Amino acid sequence: MVHRNRLEAYLNELLAPAEYPDYAPNGLQVEGREEVATVVTGVTASAALIEAARDLGADAVIVHHGSFWKGEDPRVVGMKARRLQLLIESGINLFAYHLPLDVHPQLGNNAGLGRLLGLETDARHAAKGVPGLLWSGVLAEAEAPEAFSARLEQALGRRPVHVDGGPAALRRVAWCSGGADGLIEQAAGLGVDAFISGELSEPTTHVARERGLHYFAAGHHASERSGVQALGAHLAEVLGLDHHYIEVDNPA
Ligand SMILES: [Zn+2]
């Protein structure tokens, strides 16, 4: 069991949120009970996740997508009110780490995606003013895009969307988890054969074709599962917390 404040201090030291300009506050977002023994991790602080955490008797929930996003309606009404009510009624602490959990060199979503795909990271590039957001690396052996796509499907349990715009064999690729397809131009500038992110948007298809690289949309949710799981496992090991990852299926 650890005190909530000690857990927050530990997480902030580990993930260094102050180093990243972000769209939501990182760290403790909703204060619950003081002592934390059981932690639930999940991708998004949805009502379904919070209810499942409550049913497990969790003292804290740690997510990648928390609450209070820049530009959103600040009123506590509707869906947001329901989520906050669930947390407060149950005394659950909500911790959220967004960009820090994409970029962390060992525990982050990009690190996890690279590991799952057998990529050897060669560089971590600053993107959109965020240090280390865009990763690049190489495959041990050149691979046909179809074979790579099949491995991606197997690794993440979701069939990727593939825009076939590049060479017949992949060797060096770039990737960024989640809603990062807008980084494809920067990825193309690195001279990679393919770029992988979570979600596809209309202009990305044309960039892939016109800049001559493959694009794979691996799934926003699917590409962002690994960070919180690695973080939860780390907390179990280092702080002796009881950790449960809860999957709330999301086809996006
Ligand atoms: Zn995301």
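Note that the structure is a prediction, hence the values are computed from the model and not measured. (Residues numbered from 1 in each chain as written. Predicted model: local features only at pLDDT ≥ 70, side-chain atom pairs only at ≥ 80, totals over all residues. Heavy atoms only, no water.)

Peer 1: Looking at this model, I keep getting lost on the pattern of salt bridges. Mind explaining?
Peer 2: If charged atoms from side chains of opposite charge come close, those side chains can pair. Inspection of every chain in the model, using the stated rule, returns 10 salt bridges. One salt bridge in this structure joins Arg54 and Asp55, with 3.2 Å as the shortest N-O distance. In this structure Arg54 comes out as partly exposed when scored by relative accessible area, which is 36%. Given a relative accessible area of 61%, Asp55 falls into the exposed group. We note a salt bridge from Glu185 to Arg211, for which the minimum N-O separation is 3.0 Å. With a gap of 26 residues between them, Glu185 in helix 7 (residues 184–189) and Arg211 in helix 8 (residues 202–211) connect regions that are remote in the sequence. By relative accessible area, which is 43% here, Glu185 ends up partly exposed. Under the relative-accessibility criterion, Arg211 is labelled partly exposed at 43%. (Salt bridge = Lys/Arg side-chain N within 4 Å of Asp/Glu carboxyl O. Buried < 20%, exposed > 50% of the residue type's maximum accessible area, 1.4 Å probe, protein only. Helix = DSSP H or I, 4+ residues; strand = E, 2+ residues; numbered from the N terminus.)

Peer 1: Help me out: how do you make sense of the sheet that holds strand 13 (residues 242–245) in this one?
Peer 2: Across a sheet, strands are paired by hydrogen bonds formed along the backbone, either parallel or antiparallel in direction. In space, the five strands of this open sheet follow the order 2-6-5-4-13, with mixed pairing throughout. Of all strands in the sheet, those with a lone pairing partner are strand 2 (27–30) and strand 13, marking the two edges. Going across the sheet, the axis of each strand differs from the next one's by a mean of 30 degrees, ignoring polarity. As judged from the four bridges shared by strand 5 (residues 60–65) and strand 6 (residues 93–96), these two strands associate in the parallel manner. From the neighbouring strand, Ile62 faces strand 6, where its bridge partner is Phe95. (Pairing = 2+ DSSP bridges. Axes fitted to C-alpha atoms, helices over the stretch in contact; angles between N-to-C directions.)

Peer 1: Can you walk me through the pairing of strand 5 in this structure?
Peer 2: Looking along a regular strand, one sees the side chains alternate between the two faces of the sheet. The buried fraction of strand 5 is high, at six of six residues. In the sheet, strand 4 (residues 38–44) pairs with strand 5 via five bridges, with the strands oriented parallel. Counted as the bridge partner of Thr44 is His65 from strand 5. Read from strand 4 through helix 2 (residues 47–55) to strand 5, the crossover connection turns out right-handed. (Right-handed = clockwise from strand over helix to strand, strands pointing away.)

Peer 1: Looking at this model, I keep getting lost on the coordination of the zinc ion. Mind explaining?
Peer 2: Looking at the zinc ion, one finds its protein donor set to be His65 (NE2), His220 (NE2) and Glu224 (OE), positioned 2.1 Å from the metal centre. Donor residues binding the zinc ion come from one chain and are separated in sequence as H-x154-H-x3-E. Each of the two residues, His220 as well as Glu224, counts as buried. (Donors = N, O, S within 2.8 Å, 3.2 Å for Na, K, Ca; no water.)

Peer 1: Hey, could you run me through the domain arrangement of the protein in this one?
Peer 2: The accessible area lost on association of the parts is a frequent measure of interface size. Once the domains are mapped, the protein shows domain 1 (2–97) and domain 2 (103–223). Relative placement of domain 1 and domain 2: their C-alpha centres are 29 Å apart. On inspection of domain 1 and its partner domain 2, the count reaches zero salt bridges. Our count for the contact surface shared by domain 1 and domain 2 stands at one residue pair in polar contact (both at pLDDT 80 or more). At the level of elements, helix 1 (4–15) and strand 5 are the ones that each hand at least two residues to the side of domain 1 that touches domain 2. Within the side of domain 1 that touches domain 2, the residues separate by chemical class into six nonpolar, two polar and one charged. (Domains from an automatic or database assignment. Polar contact = N/O pair within 3.5 Å; in protein donor to acceptor, adjacent residues only side chain to side chain. Nonpolar A, V, L, I, M, F, W, Y, C, P; charged D, E, K, R; others polar.)

Peer 1: Just checking my understanding: could you explain unusual backbone geometry for this structure?
Peer 2: A negative phi angle characterises most non-glycine residues, just as the trans form characterises most peptide bonds. Phi angles above zero are rare outside glycine, and Phe68 is one such case at about 65 degrees. The topology assignment puts Phe68 in the loop between strand 5 and helix 3 (78–90). Given the relative accessible area of 28%, Phe68 is considered partly exposed. Non-glycine residue Lys128 carries a positive phi angle of around 50 degrees. For Lys128, the location among the structural elements is in the loop between strand 7 (119–127) and strand 8 (130–143). On the accessibility criterion, Lys128 (55% relative accessible area) is exposed.

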